Amino acid sequence: MASLLSVQCAATVRKSGSLIHLRSAALGIQSRHYSSKKASSSEYLHQSVVPSMHYQKSLPRLPVPKLEDTIRRYLTAQRPLLDDEQYRTTEKHAQDFQNGVGKQLHEELVAQDKNNKHTSYISGPWFDMYLSARDSVVLNSNPFMSFNPDPKTEYNDQLVRATNMVSSAVRFMKTLRAGLLEPEVFHLNPAKSDTDSFKKLIRWVPSSLSWYGAYMVNAFPLDMSQYFRLFNSTRIPKRGRDELFTDEKGRHLLVMRKGNMYVFDIVDRDGNLVKPAEIQAHLKYILSDSAEAAAFPLGVLTSENRDVWAGLREKLIAAGNAEDLRVVDSALFCLCLDEESMRDHIHISHNMLHGDGCNRWYDKSFNLILTKDGQAAIHFEHAWGDGVAMLRFQNEVFKDTTEQPLVHPGSAAAAVDSASAVRRLHFNLDSELQNGIKRAKENFNSAVSKLTIAAMEFKKGGKEQLKKSNLSPDAIAQLAFQMGFLRQYGQTVATYESCSTAAFKHGRTETIRPASIHTKKCSQAFVSQPGKHSVEELRGMLNECSKYHGQLTKEAAMGQGFDRHLFALRYMTNSKGQPLHGLYTDPAYAAINHNILSTSTLTSPAVSLGGFAPVVPDGFGVGYGVRDEWIGCNVSSYPTRNVHEFLQCVHKSLEDIFSVLEGKSLS
């Protein structure tokens, strides 16, 4: 199962009959300001002239690719991974599928899609995949994104920053629910479309046509259907398949400290933000609570195998805890106040990706984590969404807390009775539940003890230099991973890069397959035969890789990859109870979906680091960002792989690539 931070991708759009490639972090979220009227009260972040969901109705639908295109793309992606004999076998399976049962399944999928115009063909199966997975959500699917520190260092105090972030989160929620949050739009020509005059005009265009109005000025609205799950939402464990629960009536915040759980209202009865000074007083009360660390921290159960957790949850309810569990599930979100200070980026990554298992509610749509020294991060559950909504939230909260914080260092907390406003949750736990918690903690410790995280910064060049050389920064980063793996292990393996399809109604993600015949040839030239090729020849190979990666990225962002289509056809076979065709039982199909290199990229002014665990035991989880002057990677692995050596090999690959760009030959 793919566990992905799919917040960075290419939004690719069709303009004047040709494909124009828009590559920008998080679909351009970070590269724009939201030019709406500032809110007149502290209740809203801003007041958008155009209603938040104005474009939702008229978004284009995710296309079902042609079957012959999917099979062609699949075989092209398989070519660098197979020897000649394996490839012939896979080709035979694929052609047989295309001309036989695949054709019939495809026709059924197209017909089904036509009957469900309110959604996309991938939405249902994709929810199902996440919710039916029985592995722990920790390491297997939940990623994290850490915030940059507040530039004003005195605002990084744990209490001050937590208060400001909670207040901004409520302002975001209120802005969204009032329909005043600026719609998510990619502006290809902001001077024309990101203007007050255009917004005043487009707001009067009926929502059934509004997308076309934006399209005419090269603005591309993105799907916002996942946003409602940001708040008051939790994944509920059920045997066989979990459920997503949302209760927008909840006005309270869940706070965790030392494994203890507290709740208090952050929205009042009239729907307004509780005074920030009162929120500060309540958080201060929790931080000064002398209670010991929870002997049986309930949160660790959310890290269990889903069926085990489902069974224990039933026992919790039977033991009289239903009401308090409902309080946890309906909380706006979970704030985790950690007792530790962070030593370095690696410590931050481990803490935000998994922590100690006791001070998180991993099933919550997101946990906002604040360490003792004011480091902050979002850890989010992946079934409900792909990170586009999460990153928008993170960007807005960072901007709001740094530009207009509502409490300040030295601000006096309100003189309120926190003892009666804050309720600590107490759960009835019999010996069976206590043993379940103990076992969950042992399983958690065993799992996270196997994870290694390492980071690398390449300082000799970045986006600026690559763009001057007419090379795609993302293509070069991906090529460096291919070269690095080849240098370390002598092979080319299945590689996954996540790409958002949010340009379509209920789009989720598509896969870019960065390992190609071009990257294999180029990697072999750089790694195995460096003296054999001239600088011009090596430069030509880099161009070829960049051009081809650009094409794959455009196709994926336009819903024209092969992975989701084949996944949907397989899902349809399973749901009909039919046997799988040879294409799916072919070892090569299993191998290309055993993604040893799982990669996802992220750059945003709000985000310092992003990360996730490998998706297979013998894989790497590669979070990376290509900055203007440097390239950073945050990579995880289990014991079968050496992540430190891998990063040395990636660094060497980048050195070689940039040497060639400077006209130097490789020795």
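Residues numbered from 1 in each chain as written. Predicted model: local features only at pLDDT ≥ 70, side-chain atom pairs only at ≥ 80, totals over all residues. Heavy atoms only, no water.

1. Some remarks on the sheet that holds strand 16 (residues 452–458)
- Judged by pairing direction, the sheet is mixed, and its six strands sit side by side in the order 16-22-21-19-17-18 without closing on themselves. Where the open sheet ends on each side, the last strands, each with one partner, are strand 16 and strand 18 (509–512). For this sheet the average axis-to-axis angle between neighbouring strands, irrespective of direction, equals 25°.
- Across four bridges, strand 17 (residues 495–500) lies against strand 18 in antiparallel orientation. (Pairing = 2+ DSSP bridges. Helix = DSSP H or I, 4+ residues; strand = E, 2+ residues; numbered from the N terminus. Axes fitted to C-alpha atoms, helices over the stretch in contact; angles between N-to-C directions.)

2. Some points on helix 4 (residues 101–114)
- Taking 1.5 Å as the rise per residue, helix 4 with 14 residues should run 20 Å; its terminal C-alpha atoms sit 20 Å apart, in good agreement.
- Considering only its buried residues, helix 4 is in contact with helix 2 (67–78), helix 3 (84–99) and helix 20 (563–575). (Expected span 1.5 Å × (residues − 1). Contact = heavy atoms within 4.5 Å.)

3. Comments concerning the pattern of salt bridges
- Counted according to the given criterion, the structure contains 38 salt bridges.
- Note that arginine 134 is salt-bridged to aspartate 242, the shortest N-O span being 2.9 Å. You can see arginine 134 sitting in the loop between helix 5 (123–132) and strand 5 (144–147) and its partner aspartate 242 sitting in the loop between strand 8 (233–236) and strand 9 (243–246), a full 108 residues away along the chain. Of the two residues, arginine 134 and aspartate 242, neither departs from the other in class, the shared state being buried.
- The closest approach of N and O atoms between aspartate 363 and arginine 306, which form a salt bridge, is 2.9 Å. Of this pair, aspartate 363 sits in the loop between helix 12 (345–353) and strand 13 (366–370) while arginine 306 sits in helix 11 (residues 306–330); the two residues are 57 residues apart in sequence, bridging distant segments of the chain. Comparing aspartate 363 with arginine 306 shows no difference in burial state: the two are buried.
- Several salt bridges share partner residues, and in doing so they unite Arg134, Arg235, Asp242, Arg306, Asp307, Asp363 and Glu381 into one network. (Salt bridge = Lys/Arg side-chain N within 4 Å of Asp/Glu carboxyl O. Buried < 20%, exposed > 50% of the residue type's maximum accessible area, 1.4 Å probe, protein only.)

4. Details of the UniProt feature "domain: Choline/carnitine acyltransferase" (unreviewed entry) in the chain
- Annotation from UniProt places "domain: Choline/carnitine acyltransferase" (unreviewed entry) at residues 62–651.
- Note that residues 62–651 is 45% helix and 15% strand, and that its end C-alpha atoms are spaced 38 Å apart. (UniProt positions renumbered as here; feature names shortened; annotations may be inferred.)

5. Here we look at the sheet that holds strand 10 (residues 252–257)
- One open sheet holds the eight strands; their spatial order is 15-11-10-12-13-14-5-20, and the pairing between them is mixed. Unpaired on one side and paired on the other, strand 15 (423–424) and strand 20 (607–611) mark the two borders of the sheet.
- Two strands pair when backbone bridges link them, and strand 10 and strand 11 (residues 260–265) are joined in this way by six bridges, in the antiparallel orientation. Following the sheet pairing, leucine 253 is matched in strand 11 by phenylalanine 264.
- Of the strands in this sheet, strand 10, strand 11 and strand 12 (334–337) touch helix 10 (residues 276–287), which is tilted by about 165° from strand 11.

6. Remarks on helix 11
- Between its first and last C-alpha atoms helix 11 spans 20 Å; for 25 residues at 1.5 Å apiece the expected length is 36 Å, and the helix comes up short by more than 12%.
- Of all the bends in helix 11, the greatest measures close to 115° and is centred on glycine 320.
- Measuring from the backbone nitrogen of aspartate 307 back to the side-chain oxygen at the start of helix 11 gives 2.9 Å, which picks out asparagine 305 as the cap. (Bend = angle between axes of the 7 residues up to and from the residue. Polar contact = N/O pair within 3.5 Å; in protein donor to acceptor, adjacent residues only side chain to side chain.)

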